[in-house]
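Descriptive analysis of the structure
Here is how the chains run, residue by residue.
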Amino acid sequence: MMRHILAVGAHPDDIELGCAGALAAHRSAGDDVTMLVLTGGQNGPGRTSERWDEQQQAAHVLKAELLWGGLIDCTLFPDSSLISIVEHAIRTTAADVIYVHAPDDSHQDHRAAAAATLSAGRMSSRILHYRSPSTVQFNPTVFVDVSEHLGTKLAALDCHRTQVDGSSMVDLELVMVAARYFGGMARVQHAEAFAPARFVWDLVPRPRAAGDAASTTAERPTDRAERGAERAADFAAERPADRAADRRAEQRSGAHHGAHAAPKGEPVW
Ligand SMILES: [Zn+2]
């Protein structure tokens, strides 16, 4: 049965660091994968346009759809605006499994993304927290065997060239060592590790309700691409909290940003 996977990250590269191997495993199992990147990583190394390009390339490597939250780096706060953005992504993707940052993290955006996703996913049966280089306490009890997908993870991370070259947080050697270490804990070669907020193991998956936005079980790649474009457009057009969130971000950053009705996956800051 095809599952719908949503991965939420605060910045470009966060999702790849935390769970790109699992996302690649999902794709090879026939699941569809959507990445929601909440900010443009404006405060890290690299220009925003470069980071946007890098994230697009990484999503392409992972064969994932990409949604942007359109918010500003270092300004995330887990209020109703941010929760609405994640709720909308959960609804438009009909997510069965949600991956997000671990709650105990020294980066405030990571903490906010985790808290907002827990609120937005209050009715979700499967929420898994992934580890970031800035995570503090992390006790993983769920593992995904990524032995066949570590190369894809590294290729996706390598797309984030401004970070690989300019940030000590993106260390590909450390990524490989961690995968081997977690593999040892999981009794496989390489693993990614997760701490579940909730994880219901649906041994016999329930059939989807009629009219479910993502109820197709055997769709052609072109269907998937078309639906992805529709989702991105819906996501940009319907988000109720956009304007309030953007206004707040502008106030916090002191910056002036243009129109925020982003069509089809364009960045909106
Ligand atoms: Zn981050």
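Residues numbered from 1 in each chain as written. Predicted model: local features only at pLDDT ≥ 70, side-chain atom pairs only at ≥ 80, totals over all residues.

**Some words on the overall build of the protein chain**
Going by this rule: Secondary structure elements are defined from DSSP: runs of H or I of at least 4 residues count as helices, runs of E of at least 2 residues count as strands, and each element is numbered from the N terminus. Exposed residues have 12 or fewer other C-beta atoms within 10 Å of their own C-beta, buried residues have 20 or more, and residues in between are partly exposed; the C-beta atoms are placed from the backbone. Contact between two residues is assigned whenever their backbone-derived C-beta positions fall within 7 Å.
Counting secondary structure elements, the protein chain contains nine helices and seven strands. Classification of the 269 residues of the protein chain by burial places 47% in the buried group. Counted over contacts in the protein chain with a minimum sequence separation of 6, partners at least 24 positions apart contribute 81%.

**Focus on the packing of helix H5 (residues 150-158) against helix H7 (residues 172-186)**
Put simply, the test is: Axis definition: a line fitted to C-alpha atoms, over the contacting stretch in the case of helices. Angles run 0 to 180 degrees between N-to-C directions. By the definition adopted for this analysis, an angle is roughly parallel if under 35 degrees, roughly antiparallel if over 145, roughly perpendicular if from 65 to 115, and oblique otherwise. Crossing handedness: left-handed means the near helix sits turned counterclockwise from the far one by under a right angle, and right-handed means the same turn made clockwise. For this classification, the nonpolar set comprises Ala, Val, Leu, Ile, Met, Phe, Trp, Tyr, Cys and Pro, the charged set comprises Asp, Glu, Lys and Arg, and every other residue, Gly included, is treated as polar.
Contact geometry for H5 and H7: axes closest at 11 Å, N-to-C directions at 155 degrees. Classified by the interaxial angle, the pair formed by H5 and H7 is roughly antiparallel. Considering the relative orientation of H5 and H7, their crossing is right-handed. Note on element contacts: H7 touches H5 through Leu172, Val175, Met176 and Ala179, opposite Leu150, Leu154 and Leu157. Looking at side-chain class alone, the contact of H5 with H7 contains seven nonpolar, no polar and no charged residues.

**Some details on helix H4 (residues 108-120)**
Put simply, the test is: To estimate the expected span of a helix, subtract one from its residue number and multiply by 1.5 Å.
Taking 1.5 Å of rise per residue, 13 residues should cover 18 Å, and H4 covers 18 Å from first to last C-alpha, within 8% of that figure. Counted residue by residue, H4 has 10 buried out of 13 residues, so it is predominantly covered. Buried residues of H4: Asp109, His110, Arg111, Ala112, Ala113, Ala114, Ala116, Thr117, Leu118 and Ala120, and no others. Contacts from the buried residues of H4 go to strand S1 (4-9), strand S2 (32-39), helix H3 (80-93), strand S4 (97-101), strand S5 (126-130) and strand S7 (191-199).

**Here we look at unusual backbone geometry**
A positive phi angle, close to 75 degrees, is found at Cys74, a residue other than glycine. We note that Ala94 has phi near 50 degrees; this positive angle belongs to a residue other than glycine. Of the residues examined, Ala94 has 17 C-beta atoms within 10 Å and is grouped as partly exposed.

**Notes on the pairing of strand S3 (residues 65-71)**
For clarity, the threshold we go by: By the criterion used throughout, a crossover qualifies as right-handed when its path from the first strand across the helix to the second strand runs clockwise, the strands pointing away from the viewer.
Within S3, seven of the seven residues are buried, which leaves the element mostly enclosed by the surrounding structure. After leaving S2, the chain enters helix H2 (residues 48-61) and then returns to the sheet as S3, a path that is right-handed.

**Remarks on the sheet that holds S3**
What counts is decided by this rule: At least two bridges found by DSSP between two strands are what make those strands a pair.
Ordered by their spatial adjacency, seven strands build an open sheet running S3-S2-S1-S4-S5-S7-S6, and the pairing between neighbours is mixed. The open sheet terminates on both sides in strands that have one partner only, identified here as S3 and strand S6 (142-145). Taken over all neighbouring pairs, the strand axes of this sheet differ in orientation by 25 degrees on average, direction set aside. Here S1 runs beside S2; their pairing, made up of six bridges, is parallel. In the strand pairing of S2, Val8 is matched with Leu36.

**Notes on the pairing of S2**
Buried residues dominate S2, accounting for eight of its eight residues. Following the backbone out of S1, through helix H1 (residues 14-28) and into the adjacent parallel S2, one traces a crossover that is right-handed. Pairing geometry for S2 and S3, over five bridges, is parallel. Residue Thr39 lies in a different strand from S3, and its bridge partner there is Leu71.

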